[in-house]
Amino acid sequence: MPSYKAPVEDVLFLLNDVFGFARYSNLPGFSDATPDVVEAILSEGAKLCEEVLTPINLSGDAEGCTRHPDGSVTTPKGFKAAYDAYVGGGWNGLSMPAEYGGQGLPATINSAIQEFVSSANIAFGMYPGLTQGAMAALLAHGTEEQKQTYLPKMIEGVWTGTMNLTEPHCGTDLGLLKTRAVPNPDGSYGLTGTKIFISAGEHDLSENIVHLVLARIEGAPAGTKGISLFVVPKVLVNADGSLGERNGVSCGSIEHKMGIHANATCVMNYDGATGWLVGEANRGLNAMFVMMNEARLAVGIQGLGLSEVAYQNAVAYAKDRLQGRALTGAKAPDKPADPIIVHPDVRRTLLSIRAFNEAGRALVLWTALQADVAHRSADPAERQAAEDHMGLLTPVVKGVLTDRGFANAVEAQQMFGGHGYIEEWGMSQFVRDARIAQIYEGANGIQAMDLVGRKLPRDGGRAMMRFLAEVEGFCKENGADETLKVYAGPLAKALGDLQKATMWLMQNAMAKPDNAGAAATDYMHLMGLVALGYMWARIAKAAAARKAEGSGDAARLDAKLSTGRFYMERILPETGTRLARISAGADAVMAVPAELF
């Protein structure tokens, strides 16, 4: 059975040494997040994930969810008890406002816990994860009555939440959706239609499920301009907050999926279900995108989490599996063969995954910190800079971390040889579970197009210019340092490739939009390589400072410096290949007629 140990020490190093978490103590909620409190929270979260969630991951995948004739759904054995332990520990409301029963702590801490949960049991984590996204949308756009009605119970965990966007004929192009909403005399609406691929749409973990549903009010404009958002509870809520009659929403079936078997992915049928408008009529996408942005960051974390747990198990296997002898002579002469970790190609594979994981974790926490600043700072300039960061890097976090997370799960599986293809080892599950992260909450090709087509030129390119200036400033400031030049030098070269690619798009994409479309995925990954390289440069600077002052575990700090150097020498040079592809333009991509494919 696979094992997992949450990287608590690594998270603490990033928060305290790389990002200076204590410097944000002037923001609401941060003063309560003292170093001792943060360490205690992370340690308790790690314990829950290691001891409660990990043991039911493999069995939950094998058992899956069961839909009964009455439309109810049962989750796998152990999931209800695990969910009760999760909500009993207050994890649902970690970063939610205290006025609705949350703890009001920084979302950055919650992001770290999300990684632990994703590594331990991604299918389980989707139940509270969807609830957090629904709560974010209600907080941003719900009326005070809606917030008081739903948020306390959702934070407590006795109610959960979902998001209902996709329809059988309508995925990315939401302007095609057909679910209709008819006004009722009391101000509510009757919703009728079918939604598919609804994660956590029906289950036995909570007393009620609060669905957020996109629908079109009768007479509304066609396309995306006529879409509204509604809150539609599975069980109607009485005026005193108690549960009343069952609403007209039901699970028609459960999808048979490649992975995440323990999460109920449902076809949801709305048959005149009673719902209430959230936000303004015909402005549903604006409200839903709050939830979508939360979800996209969470999905990026899923990619990271699965890469981490796959890596941990691949390392354990590589240290134990005896095959062949080292090229430089036997390393375990008392054994019939050496452990495979002595072989350079095995070490290359493992270091490639590790280098991604550590930098990816830093990128997630850096972005989560910016989300906290955007939501909590009283300084308009700070909020704008943080919002620019979020807008620019959200598609990179989602797209790059999930693409690489899946690829790394496959590479980790490869370490096991034929055993990796056998279900009982668990590596197959990591590969299958990781695959969906590239698809849902906006497929990664859409993330790339969002980056190039919307985020890059927004506000005259202000966010991108700020990002480029920050990385360039770091390289200039640290390039002459004897210890840091091995990181700053390659980073500066990669940054140059990103600047050239950005300039090429500015000069060639406006007149010929296909150039942008053909370049988008390579550009997203080029930017991801630079962003992860910047994270490694900052990690190396913090590790070198700790080592110089003689604090911390010297061996662990040396390992960080070596892994960072590996990233700079063996992974970051890929920016040159990405630049060449971008600069080639769209001619070859568009040359073959569709009928000849």
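Placed above this text is the structure.
Reading the values: the criteria
In this numbering scheme, every chain counts its residues from 1 along its sequence in written order. Reporting of local features is limited, given that this is a predicted model, to residues whose pLDDT is at least 70; pairs of side-chain atoms are given and counted only at 80 or more, and all residues count toward the totals for whole chains, interfaces and linings. The side-chain quantities take in all heavy atoms of the structure and omit both hydrogens and water. By definition, any uninterrupted DSSP run of H or I lasting at least four residues is a helix, any uninterrupted run of E lasting at least two residues is a strand, and each is numbered from the N terminus. Per-residue accessibility, obtained with a 1.4 Å probe over protein chains only, is compared with the maximum for each type, and a residue is labelled buried under 20%, exposed over 50%, and partly exposed between these values. Any carboxyl oxygen of Asp or Glu that lies within 4 Å of a side-chain nitrogen of Lys or Arg is treated as forming a salt bridge with it. Aromatic rings from Phe, Tyr and Trp, taking only the six-membered ring of Trp, are treated as a pair when their centres fall within 6.5 Å; an angle between ring planes under 30 degrees marks them as stacked, one over 60 as edge-to-face, and anything in between as tilted. A positively charged side chain is recorded as over a ring if its NZ (Lys) or CZ (Arg) lies within 6 Å of the ring centre. The angle to the ring normal must also be within 35 degrees.

Participant: Report on the environment of Ala385, specifying residues and quantitative values.
Facilitator: Examined against the element boundaries, Ala385 turns out to sit in helix H9 (residues 380–414). Residue classification places Ala385 among the partly exposed residues on the basis of a relative accessible area of 23%. C-alpha of Ala385 to C-alpha of Glu549: the two residues are 164 residues apart in sequence and 33 Å apart in space.

Participant: Give me the lowdown on the pattern of salt bridges, citing residues and values where you can.
Facilitator: Summed over all chains, the structure comprises 32 salt bridges. One salt bridge in this structure joins Glu308 and Arg361, with 3.0 Å as the shortest N-O distance. Of the two residues, Glu308 sits in helix H7 (residues 284–320) while Arg361 sits in helix H8 (residues 344–376), which places them 53 residues apart along the sequence. Accessibility assignment for this pair places Glu308 and Arg361 in one class, buried. With a shortest N-O distance of 3.6 Å, Glu472 and Lys476 are connected by a salt bridge. Of this pair, Glu472 and Lys476 both sit in helix H12 (residues 462–478), four residues apart, which is roughly one turn of the helix. Assessed through its relative accessible area of 64%, Lys476 is described here as exposed. Each of Asp10, Glu115, Glu308, Arg354, Glu358, Arg361 and Lys560 takes part in one network of salt bridges that share partners.

Participant: Give me the packing of aromatic side chains: which residues, what numbers.
Facilitator: What describes a pair of aromatic rings is the distance from one ring centre to the other and the angle between the planes of the rings. Inspection of every chain in the model, using the stated rule, returns 12 aromatic pairs. Summarising the aromatic geometry, the rings of Tyr150 and Trp159 are spaced 6.2 Å apart at their centres and angled 55 degrees between planes, so their arrangement reads as tilted. Judged by centre distance (5.7 Å) and plane angle (80 degrees), the ring pair of Phe474 and Tyr534 falls under edge-to-face. Taken together, the residues Phe474 in helix H12 and Tyr534 in helix H14 (residues 513–548) connect sequence positions 60 residues apart. Taken together through their ring pairs, the aromatic side chains of Phe79, Tyr83, Tyr86 and Phe124 make up a single cluster. In this structure, Arg435 packs its charged tip against the face of Phe406, placed 5.5 Å from the ring centre.

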